[in-house]
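Residues per chain, in single letters:
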Amino acid sequence: MDTVFSISLPREAYTVAIVRDMLGALLRRSGLCQECIDDILLSVSEACANAIEHGGHSETFDVETEFAPGWCELRISHSGRVPDMAGLADRFTSPHTPLPGLESESGRGILLMRYLMDEVAFSGEPRTTVILRKRATSCDRAGDATTGEDAYSRFALI
């Protein structure tokens, strides 16, 4: 049986913590391991922050979550328009996302989302939407047998 969670919030910075708290409780009850929960919460926080910052005239943003056996899908959306739709879509799909400068205070969210989630997609119509997917089995293994990578070494790449 699928589980669905949906919330619409004002585009205010304090609402990111509300999403994290509510979604965190739901994720813990769903049986996901803590590593998957941490990856999802950080990715969703980044997507929510982007919706708040770049939502244009939209007064609210929406977070929708769907759980099914073996996976979790999250959609963060707002009705604001993106000025450079092609450029943003390219940042979500290109094989190499450029890093921002060392002094830059922003620009790392898409990179983090792509690294932490199994799938990241972007849709611009009818609403600007970031789609995040995580396989529930992603962190069940102690390490990757083909590369010898342990569960924590991947964070050294950031």
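What comes next is a walk through the structure. (Residues numbered from 1 in each chain as written. Predicted model: local features only at pLDDT ≥ 70, side-chain atom pairs only at ≥ 80, totals over all residues. Heavy atoms only, no water.)

### What about the sheet that holds strand β1 (residues 3-10)?
- Across the sheet, which stays open at both edges, the 5 strands sit in the order β1-β2-β3-β5-β4 with antiparallel pairing between neighbours. Strands with a single pairing partner mark the edges of an open sheet, and in this sheet they are β1 and β4 (119-123). With direction set aside, neighbouring strand axes in the sheet form an average angle of 15 degrees.
- Note that β4 and strand β5 (residues 128-135) share 5 bridges and pair antiparallel. Bridge pairing in β5 links serine 123 to threonine 129. (Pairing = 2+ DSSP bridges. Helix = DSSP H or I, 4+ residues; strand = E, 2+ residues; numbered from the N terminus. Axes fitted to C-alpha atoms, helices over the stretch in contact; angles between N-to-C directions.)

### Points about the packing of helix α1 (residues 15-30) against helix α2 (residues 34-54)
- Across the interface, α1 lies against α2 with an axial gap of 10 Å and an inter-helix angle of 155 degrees. As summarised for this structure, α1 and α2 are arranged roughly antiparallel, according to the angle between their axes. In terms of crossing hand, the pair formed by α1 and α2 is right-handed. Taken together, the residues of α2 that come into contact with α1 (itself represented by Thr15, Val16, Val19, Arg20, Leu23, Gly24, Leu27 and Arg28) are Ile37, Ile40, Leu41, Val44, Ser45, Cys48, Ala49 and Ile52.
- In terms of residue class, the contact of α1 with α2 is built from 11 nonpolar, 3 polar and 2 charged. (Parallel < 35°, antiparallel > 145°, perpendicular 65-115°, else oblique. Left-handed = near helix turned anticlockwise from the far one by under 90°. Contact = heavy atoms within 4.5 Å. Nonpolar A, V, L, I, M, F, W, Y, C, P; charged D, E, K, R; others polar.)

### A short note on the side chain of threonine 15
- For threonine 15, the position within the fold is in helix α1.
- In this structure threonine 15 comes out as buried when scored by relative accessible area, which is 0%.
- Engagement of the side chain of threonine 15 in a polar contact is seen with the backbone oxygen of glutamate 12, the distance being 2.6 Å.
- The residues touching threonine 15, leaving out its near neighbours within four places in the chain, are Leu9, Pro10, Ile52 and Phe61. (Buried < 20%, exposed > 50% of the residue type's maximum accessible area, 1.4 Å probe, protein only. Polar contact = N/O pair within 3.5 Å; in protein donor to acceptor, adjacent residues only side chain to side chain.)

### Things to note about the packing of α2 against helix α4 (residues 109-116)
- Packing of α2 against α4 leaves a shortest axis separation of 9 Å and a crossing angle of 150 degrees. As judged from the angle between their axes, α2 and α4 are roughly antiparallel. With respect to the hand of their crossing, α2 and α4 are arranged in left-handed fashion. Residues Asp39, Leu42, Ser43, Glu46, Ala47 and Asn50 of α2 touch α4, and the partners they reach there are Gly109, Leu112, Met113 and Leu116.
- When the residues that make up the contact of α2 with α4 are grouped by side-chain class, the tally is 5 nonpolar, 3 polar and 2 charged.

### Here we look at the side chain of serine 77
- By the element assignment, serine 77 lies in strand β3 (residues 71-78).
- Assessed through its relative accessible area of 6%, serine 77 is described here as buried.
- Within the local environment of serine 77, its side chain forms a polar contact with the side chain of arginine 127, the two groups lying 3.3 Å apart.

### Quick look at the pattern of salt bridges
- Summed over the entire model, instances satisfying the criterion amount to 7 salt bridges.
- Here arginine 127 and aspartate 62 are joined by a salt bridge, their closest N and O atoms 3.0 Å apart. With arginine 127 in the loop between β4 and β5 and aspartate 62 in strand β2 (residues 60-68), the pair connects residues that are 65 residues apart, well separated along the chain.
- Salt-bridge contacts for glutamate 64 lead to arginine 75; the nearest nitrogen and oxygen are separated by 3.1 Å. Note that glutamate 64 is positioned in strand β2 and arginine 75 in strand β3, a separation of 11 residues in sequence.
- For glutamate 64, a relative accessible area of 28% gives the class partly exposed.
- Each member of the salt-bridge network shares a partner with another, and the members are Glu64, Glu73, Arg75, Glu119 and Arg133. (Salt bridge = Lys/Arg side-chain N within 4 Å of Asp/Glu carboxyl O.)

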